[in-house]
Every structure is written in C-alpha cells, then in structure tokens.
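Observations on the model geometry
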Amino acid sequence: MTTGESSSSPSSSSKRGCGDSNIGGFHKKPRTDSSPNVSVTSHAIDSDRIFVDFPKSLVNALNIALDSLMDESTWMGYISLTPLKILNSNATDCHEGYRFSKAYCSSEKYPTQYSFGSVFIKGLSILIEFILHRTIPENKQDKFVLGKLLHFLSDSLDTDAEALKNMEMYTETELNTVVTNHLFAKLSTSTLFTIDKQLSKSKCRGNERRGYLNGKPWCPCEQNECLLSGDYGDTSIGNWMVWHGSVDVVINHDVIIVSQDNEDENCCHGDKPPAETKSSVLRRNHQIIAQNIVFSFLQKHRHPESDNFLIPCIGITREDIIVYLYDSVHDVLLESSLLPLQGMVSSPGNKLNLVAVLVSWLVVNYKYLCGGVMEEMKTTKAEFFSQAKEKLSIYETYLKSGDVRNTRPTVDSGDQVKNLHHPLLIDLKKRNKLVVLEPRE
Ligand SMILES: [Zn+2]
C-alpha cells in the first residue's frame with residue numbers, strides 16, 4: 001500500500017465519504033470532499049490504466065456496497081458471519097466413511113455475529129484505500145488482485161451480468177458452471193477451474209451446446225460463442241475412511257463451489273415458496289459443511305506454510321450464494337448471511353448484486369485477502385475435533401485430492417481386522433487355481 005495505515009477492530013462502523021475518519025474500524029484520514037479522490041498519487045505509475053480510468057460511478061457504487069460487509073446499521077442489508085457448533089455428524093460413523101451426498105452434520109448457531117469483513121481486513125484495506133484515495137497497492141500481487149475486481153466491474157460486468165440474469169433457465173448442473181465461468185473465475189487470479197466430470201453426463205437442457213470448440217468446452221449460457229475458461233475433470237477429495245466424494249467445481253485448486261437445487265428440497269408443486277424458505281437449503285447445509293471441513297484440512301496439509309488456515313467454500317442456488325469458512329487449526333466454522341445474486345446494490349444497466357461481487361472477489365482470492373480468524377472467534381469452537389475423535393488423524397494427514405477411490409483401505413483397525421485375509425489368499429481364491437496334489441501312496 002502506498003498510504004496504508006494500521007487497522008484496528010473491524011467491528012465498528014461508519015460511513016465513508018461523510019467526513020468520518022473511522023471506516024468500519026479502519027482509522028483513516030478525514031476526507032476533504034464527498035467524492036473519491038481521483039487524482040492519482042505519484043505511486044500510481046503503472047502500465048495498467050484501470051487504476052486511473054476506473055469509472056467514478058463504480059467507485060461510488062463500491063463504496064455503498066462495502067457498507068454491507070462492515071456496518072450492521074446499513075440500510076441495504078448487513079452481511080454477517082455466524083460461528084457454528086456441530087452437534088452431531090457421521091464424520092466418523094462407519095467403517096468406510098460417508099460420501100458427501102450422504103454426509104450428516106447438524107449444527108447450531110452461537111449467539112454471536114461478526115461482520116463479513118472482519119476476516120478480510122487485508123482485502124478491505126486495499127479496496128478502501130483505492131476508493132478513498134485511488135491508492136494503488138505497491139505489492140504487485142495485491143495490485144494484480146485488486147485489478148481483477150476493477151477490470152471485472154469496468155470491462156465485463158454487463159456481459160457477465162447478462163449471463164447471470166435468468167438463472168431459472170439453467171439446470172443445477174449448468175448453474176455452478178455458469179456462475180463460476182461468469183463470476184468466480186473472472187475475479188480469481190487464475191481463471192482455470194475444474195468441474196466434476198460426472199456432471200458433464202448429468203441432465204442438461206435440450207438446447208445445451210455440447211462438446212468443445214478450439215479445445216475449450218462450451219459455456220451453458222446462450223451468449224454467442226461463450227466458452228469455459230475451465231474444463232471437466234476429477235474433483236474428488238477426502239478419504240474412503242471418512243467423508244469423501246466429488247465437489248462440483250474447484251477453482252485453481254483453491255476454492256470449492258457447491259450448488260444446491262432449491263426445488264429438490266422445497267418444491268411446492270408449482271407454488272412459489274416464500275423467499276425465506278426458498279433459500280434455506282443453503283443454511284447450515286450438511287453437505288456443504290462436510291465439504292468445507294474436508295477441503296480445509298486438505299489445504300492445511302498441502303500448504304503448511306500458509307499464514308492462516310481459514311478456508312472458504314461457496315454454496316450457490318439460482319437466487320443466492322452463501323460462504324462457509326472452516327479453520328482446521330482453531331476448529332472454527334463460520335457461516336455467512338445469504339447473499340442474493342441480483343439486487344441490493346447494482347450498477348446502472350444490470351441487476352447483478354455488487355455486494356455479491358465483492359464477497360466473491362474476497363473469497364476466491366482469500367489467499368491474498370483473508371487475515372484468518374479473529375482472536376475472539378477462537379472461543380466459539382465448531383467441536384469438529386471431538387466429532388472426528390479417533391479418525392481426526394485421517395483428516396489431518398491422509399486426505400487426498402483426486403483419485404480418492406484409491407484411498408480405499410485394505411486393512412482397517414479394530415474389530416474389522418479379525419475378519420481380514422491376506423490379499424494374496426483372496427486373489428488365489430478368486431482365481432481358483434490352487435492345484436490340489438494327491439497324497440503320495
Ligand atoms: Zn457463458
């Protein structure tokens with residue numbers, strides 16, 4: 001940051017651009033006028049013009065959207081994080097472990113809420129500095145990440161918002177593909193993603209374009225020659241002895257996306273369910289929590305050098321997104337508010353929710369923008385460690401990404417061992433080629 005300043009508690013709030021010097025807990029210099037400072041500092045010399053040319057109207061819209069992530073008194077809807085405590089689960093229940101589709105993980109909320117921004121202080125600091133002062137991060141990585149958001153909003157928002165406009169036209173299979181291709185991957189430092197290859201065979205609309213063009217698969221949206229920046233592949237994670245299975249989408253090996261079809265859970269025979277129950281499928285969702293926990297342990301094992309291990313997972317329906325975050329070091333599980341994909345704060349010309357865009361940007365780039373759990377969050381344990389019991393070591397050490405079928409155990413512990421036979425004996429028995437010699441006379 002060229003003018004970065006120290007931050008304090010993110011829980012307090014204020015309005016930027018109203019002469020207040022405290023911004024959602026970030027103490028800033030008082031502003032001298034109500035519009036963003038469009039003069040570029042001497043530190044802003046760079047070949048990418050987006051930091052200079054980014055429209056003022058979008059700066060103002062971002063400024064408003066930011067309040068939802070930091071200010072509980074905002075008029076447009078406050079996006080919070082609520083710690084969850086796991087009450088019961090089948091994380092260790094059976095010999096071979098349950099697939100995600102059969103995962104059971106009931107939970108309850110702690111009576112505590114944090115602003116969504118409280119775990120993304122670094123990302124919000126970068127954005128606020130840009131909004132207030134057009135400050136460009138000195139760190140090239142931070143600059144690149146900020147540029148992804150600015151380019152998305154400035155260059156492709158209308159096109160992508162068009163693809164995300166009529167979500168009811170997509171099947172559940174197509175849903176995660178389109179949202180990833182037109183939102184999450186566009187905001188990520190890498191646009192590469194992998195869709196569960198089994199989904200390529202799932203039910204699709206009759207008019208869905210199939211196959212590849214120039215080595216890239218078609219996007220299910222109906223925009224002219226729209227191709228995916230990702231591809232189909234193996235997205236399995238876990239271990240056969242615990243929770244395991246294929247997730248819907250993995251973005252650049254960093255973030256998993258899980259879609260849920262509201263109609264499966266809440267179909268009312270043609271009657272439209274009330275808005276509140278319509279999206280409840282995403283709240284305290286057993287399968288999404290299981291996938292988040294497994295992926296979090298996996299990421300900790302793969303990247304032990306990380307600064308923090310608060311790993312996100314995004315759940316989506318046709319209407320909303322939700323974010324879960326699990327820290328496998330401190331055993332903390334957080335669930336966000338529901339975020340509508342349309343409405344709340346939008347730019348002229350489309351209805352894509354800018355708050356959802358901001359949250360997506362923070363989450364898919366969590367490696368650079370997330371600061372991890374706050375100190376006080378560490379007291380609200382998810383209690384997964386006690387749920388996992390003796391199989392915690394499998395979650396800690398033996399999870400796998402890809403080809404999870406080959407984690408199937410040949411020998412297990414406990415009573416099961418008594419009934420096992422040497423694999424060679426089983427093989428010989430199957431082949432039935434033992435030659436029985438006649439006794440010698
Ligand atoms: Zn498309």
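Structure first, text after, so check above.
Residues numbered from 1 in each chain as written. Predicted model: local features only at pLDDT ≥ 70, side-chain atom pairs only at ≥ 80, totals over all residues. Heavy atoms only, no water.

Side note on the overall build of the chain
So the rule is basically this: Secondary structure follows DSSP: runs of H or I at least 4 residues long count as helices, runs of E at least 2 residues long count as strands, and numbering of each begins at the N terminus. Burial classification: accessible surface area is computed with a 1.4 Å probe over protein chains only, and a residue below 20% of its type maximum counts as buried, one above 50% as exposed, and the rest as partly exposed. Working rule for contacts: check all heavy atoms of both residues, and any pair within 4.5 Å makes them a contact. Per-residue and other accessible areas were derived by the Shrake-Rupley procedure at a 1.4 Å probe size, with only the shown protein chains allowed to occlude residues.
Secondary structure assignment for the chain yields 13 helices and 18 strands. Expressed as a percentage of its 441 residues, the buried residues of the chain come to 53%. For the chain, the share of sequence-separated contacts (at least 6 apart) that also reach a separation of at least 24 residues comes to 71%. Put simply, the chain shows about 20400 Å² of open surface, and 50% of that area lies on carbon and sulfur atoms.

Quick look at the coordination of the zinc ion
Where we set the bar: Think of the donor list as every N, O and S atom within 2.8 Å of the metal, or within 3.2 Å for Na, K and Ca; water never makes the list, so a site can look incomplete. Angular criteria define each label, namely tetrahedral for four donors with all angles between 85 and 135 degrees, square planar for four and octahedral for six donors with opposite donors over 155 degrees apart and remaining angles between 65 and 115, and irregular for whatever fails these tests.
Only His182 (NE2), Cys219 (SG), Cys221 (SG) and Cys226 (SG) from the protein coordinate the zinc ion, and they sit 2.1 to 2.3 Å from it. Note that the zinc ion binds four donor atoms; their angles at the metal cover 101 to 113°, and the shape is tetrahedral. Expressed as a motif, the donor residue spacing for the zinc ion is H-x36-C-x1-C-x4-C. Taken together, the residues histidine 182 in helix α5 (residues 172–187) and cysteine 221 in the loop between β8 (216–217) and β9 (231–233) connect sequence positions 39 residues apart. You'll find histidine 182 and cysteine 221 in the same group, each marked buried.

Some remarks on the packing of helix α2 (residues 56–70) against helix α3 (residues 121–133)
Defined as follows: Simply put, an axis is a line fit to the C-alpha atoms, just over the touching stretch for a helix, and the angle between two N-to-C directions goes from 0 to 180 degrees. In this scheme, a crossing is called left-handed if the near helix is turned counterclockwise away from the far one by less than a right angle; it is called right-handed if the turn is clockwise.
Orientation of α2 relative to α3, taken along the N-to-C sense of each, is 145°, at an axis distance of 10 Å. Our pair here, α2 against α3, has a crossing hand that is left-handed. Of α3, the residues touching α2 (which contributes Val59, Leu62, Asn63, Leu66, Leu69 and Met70) are Leu124, Leu127, Ile128 and Ile131.

Topic: the sheet that holds strand β18 (residues 400–401)
The condition is simple: The rule for pairing is simple: two strands pair if DSSP sees at least two bridges between them.
With antiparallel pairing, three strands are arranged side by side in an open sheet as β11-β10-β18. Two strands close off the open sheet at either side, each with one partner strand: β11 (244–246) and β18. For strand β10 (residues 236–238) and β11, the ladder comprises three bridges, and the chain directions are antiparallel. Directly across from serine 236, in β11, lies its bridge partner serine 246. Seen against the sheet, helix α8 (residues 286–302) touches β10 and β18 and runs at an angle of roughly 80° to β10.

Description of α2
Test applied: An expected span of 1.5 Å times one less than the residue number is assigned to each helix.
For α2, which comprises 15 residues, the first-to-last C-alpha distance of 22 Å matches the rise-based estimate of 21 Å (1.5 Å per residue) to within 8%. Extensive coverage of α2 is indicated by the burial of eleven of its 15 residues. Listed as buried for α2 are Leu58, Val59, Ala61, Leu62, Asn63, Ala65, Leu66, Asp67, Ser68, Leu69 and Met70.

Regarding the pattern of salt bridges
Note that side chains of opposite charge can pair when their charged atoms are close. Here is the rule we go by: We count a salt bridge whenever a side-chain nitrogen from Lys or Arg sits within 4 Å of a carboxyl oxygen from Asp or Glu.
One pass over the full model with this rule turns up eight salt bridges. Residue lysine 122 pairs with aspartate 142 through a salt bridge whose shortest N-O separation is 3.4 Å. A residue pair is termed long-range when its members are at least 10 positions apart, and lysine 122 in helix α3 and aspartate 142 in helix α4 (residues 140–163) qualify at 20 residues. Among the residues examined, lysine 122 registers a relative accessible area of 38% and is labelled partly exposed.

Some details on the pairing of strand β16 (residues 332–336)
Buried residues dominate β16, accounting for five of its five residues. On β16, burial covers both faces: Val332, Leu334 and Ser336 on one face and Leu333 and Glu335 on the other are all buried. In the sheet, strand β3 (residues 80–89) pairs with β16 via four bridges, with the strands oriented antiparallel. Directly across from leucine 81, in β16, lies its bridge partner serine 336.

A short note on α4
Note the threshold: In this analysis the local bend is the angle between axes fitted, respectively, to the seven residues ending at and the seven residues starting at the residue. Any N or O atom pair separated by 3.5 Å or less is treated as a polar contact, with the protein-specific requirement of one donor-capable and one acceptor-capable atom, and with residues adjacent in sequence counted only for side-chain atom pairs.
The largest bend in α4 amounts to roughly 80° and is located at serine 156. Its side-chain oxygen placed 2.8 Å from the backbone nitrogen of glutamine 141, asparagine 139 serves as the N-cap of α4.

Observations concerning the side chain of aspartate 248
The line we're drawing: In summary, the charge assignment counts Lys and Arg as positive and Asp and Glu as negative, without counting His or the chain termini.
Within the element layout of this structure, aspartate 248 appears in the loop between β11 and β12 (249–251). Lacking a salt bridge, the buried aspartate 248 has arginine 99 as its closest oppositely charged neighbour, with an N-O distance of 10 Å. Within polar-contact distance, the side chain of aspartate 248 engages the side chain of asparagine 176 at 3.3 Å. A polar side-chain atom of aspartate 248 sits 2.8 Å from the main-chain amide nitrogen of serine 259. Residues contacting aspartate 248, with those up to four places away along its chain left out, are Asn176, Thr194, Ile195, Asp196, Leu199, Thr235, Ile257, Val258 and Ser259.

Things to note about the packing of α2 against helix α9 (residues 354–364)
Keep this limit in mind: With respect to orientation, any angle under 35 degrees is reported as roughly parallel, any angle over 145 as roughly antiparallel, any angle of 65 to 115 as roughly perpendicular, and every other angle as oblique. Throughout this entry, Asp, Glu, Lys and Arg are counted as charged residues, while Ala, Val, Leu, Ile, Met, Phe, Trp, Tyr, Cys and Pro are counted as nonpolar. The remaining residues, Gly among them, count as polar.
Where α2 contacts α9, the axes come no closer than 9 Å and their chain directions differ by 70°. Between α2 and α9, the crossing angle belongs to the class labelled roughly perpendicular. Facing Ala61, Leu62, Ala65, Leu66, Ser68 and Leu69 of α2, the residues of α9 in contact are Leu354, Val355, Leu358, Val359 and Leu362. Of the residues assigned to the contact of α2 with α9, the class counts are ten nonpolar, one polar and no charged.

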